[in-house]
Amino acid sequence: MALTREEREQFLAEPHIAALAVDAGDGRAPLTVPIWYQYAPGGDVWIMTGLDSRKNLLIGAAGRFSLMVDRLEPTIRYVSVEGPVLDTTPATIEQLREISARYLPAGKVDGYVDLAWKNHGEQVIVRMRPERWVSSDLGSV
């Protein structure tokens, strides 16, 4: 059963690990990788990735990407969202802290942020406007 707009936006706002998919070019299947993301209902989605990463280069070429999140309990539920890239900007340490706090226990955030900021190279924020949604709650099996 499809989710209502409010249900799908709330589900996407929860801290799930997303599967990001982007066109990988002629003769290639889409690049699909797990990724952290940030979203608030009614807003835009953003991800953080390396400036020179393959996914950032492919997103730049395609101009759009998809995210899919799911869960198995208490019911099987998923939301997939696809849309155009709005902008790509240099990431800040505050954004790294925000997205890290979404996924990591509070006691691990500072250590991770310090390590990532020093070792992951130049990062960018890619913003996407949700344009097409696919969602379902399949109930419990």
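The coordinates are above.
The structure presented is a predicted model; accordingly, all values stated were derived computationally and were not measured.

Basis of the calculations
- Residues numbered from 1 in each chain as written.
- Predicted model: local features only at pLDDT ≥ 70, side-chain atom pairs only at ≥ 80, totals over all residues.
- Heavy atoms only, no water.
- Salt bridge = Lys/Arg side-chain N within 4 Å of Asp/Glu carboxyl O.
- Helix = DSSP H or I, 4+ residues; strand = E, 2+ residues; numbered from the N terminus.
- Buried < 20%, exposed > 50% of the residue type's maximum accessible area, 1.4 Å probe, protein only.
- Expected span 1.5 Å × (residues − 1).
- Axes fitted to C-alpha atoms, helices over the stretch in contact; angles between N-to-C directions.
- Parallel < 35°, antiparallel > 145°, perpendicular 65-115°, else oblique.
- Left-handed = near helix turned anticlockwise from the far one by under 90°.
- Contact = heavy atoms within 4.5 Å.
- Nonpolar A, V, L, I, M, F, W, Y, C, P; charged D, E, K, R; others polar.
- Phe/Tyr/Trp six-rings, centres within 6.5 Å; stacked < 30°, edge-to-face > 60°.
- Lys NZ or Arg CZ within 6 Å of the ring centre and 35° of its normal.

J.: Where do I start with the pattern of salt bridges in this structure?
T.: Pairing between side chains of opposite charge can happen when the charged atoms of each approach one another. Taken as a whole and assessed by the stated rule, the structure comprises ten salt bridges. As a salt-bridge pair, Arg64 and Glu82 come within 2.4 Å of each other at their nearest N and O atoms. Here Arg64 is found in strand β4 (residues 64–71), whereas its partner Glu82 is found in strand β5 (residues 76–90), with 18 residues between them in sequence. Among the residues examined, Glu82 registers a relative accessible area of 16% and is labelled buried. With a closest N to O distance of 3.2 Å, Arg132 and Glu82 form a salt bridge. Taken as a pair, Arg132 in strand β7 (residues 132–139) and Glu82 in strand β5 lie far apart in primary sequence, 50 residues in all. A single network of salt bridges, built from pairs that share partners, joins Arg64, Glu82, Glu131 and Arg132.

J.: So what exactly am I meant to see when it comes to helix α4 (residues 106–119) here?
T.: For α4, which comprises 14 residues, the first-to-last C-alpha distance of 21 Å matches the rise-based estimate of 20 Å (1.5 Å per residue) to within 8%. Within α4 the residues assigned to the buried category are Val109, Val113 and Ala116. Once α4 ends, the next one or two residues include Gly121, with phi positive near 75°.

J.: It is not clear to me how the packing of helix α3 (residues 93–103) against α4 should be interpreted in this structure. Could you clarify?
T.: How two helices sit against one another is set out by the angle between their axes and by the gap between those axes. Two elements in contact, α3 and α4, have axes separated by 10 Å at closest approach and are oriented at 135°. Taken together, the axes of α3 and α4 lie oblique to each other. Handedness of the α3/α4 crossing: right-handed. Contact residues: Ile93, Leu96, Arg97, Ser100 and Ala101 in α3; Val109, Asp110, Tyr112, Val113, Ala116 and Trp117 in α4. Across the contact of α3 with α4, the residue classes tally to eight nonpolar, one polar and two charged.

J.: Would you mind showing me how to read the packing of aromatic side chains here?
T.: Centre distance and the angle of the planes are the two values used to describe a pair of aromatic rings. Here the structure, examined in full by the defined rule, presents three aromatic pairs. Between Trp36 and Tyr112, the ring centres sit 5.6 Å apart and the planes meet at 55°, which makes this aromatic pair tilted. Of this pair, Trp36 sits in the loop between β2 (31–35) and β3 (45–50) while Tyr112 sits in helix α4, and the two are 76 residues apart along the sequence. With relative accessibility at 24%, the residue Trp36 sits in the partly exposed group. Seen from their ring centres, Tyr39 and Trp133 are 6.2 Å apart, and the 65° between their planes marks the pair as edge-to-face. A residue pair is termed long-range when its members are at least 10 positions apart, and Tyr39 in the loop between β2 and β3 and Trp133 in strand β7 qualify at 94 residues. By the burial criterion, Tyr39 is buried, and Trp133 matches it. Taken together, the ring pairs in this structure connect Trp36, Tyr103 and Tyr112 into an aromatic cluster. Directly above the aromatic system of Tyr37 lies the positively charged group of Arg102, at a separation of 4.7 Å from the ring centroid.

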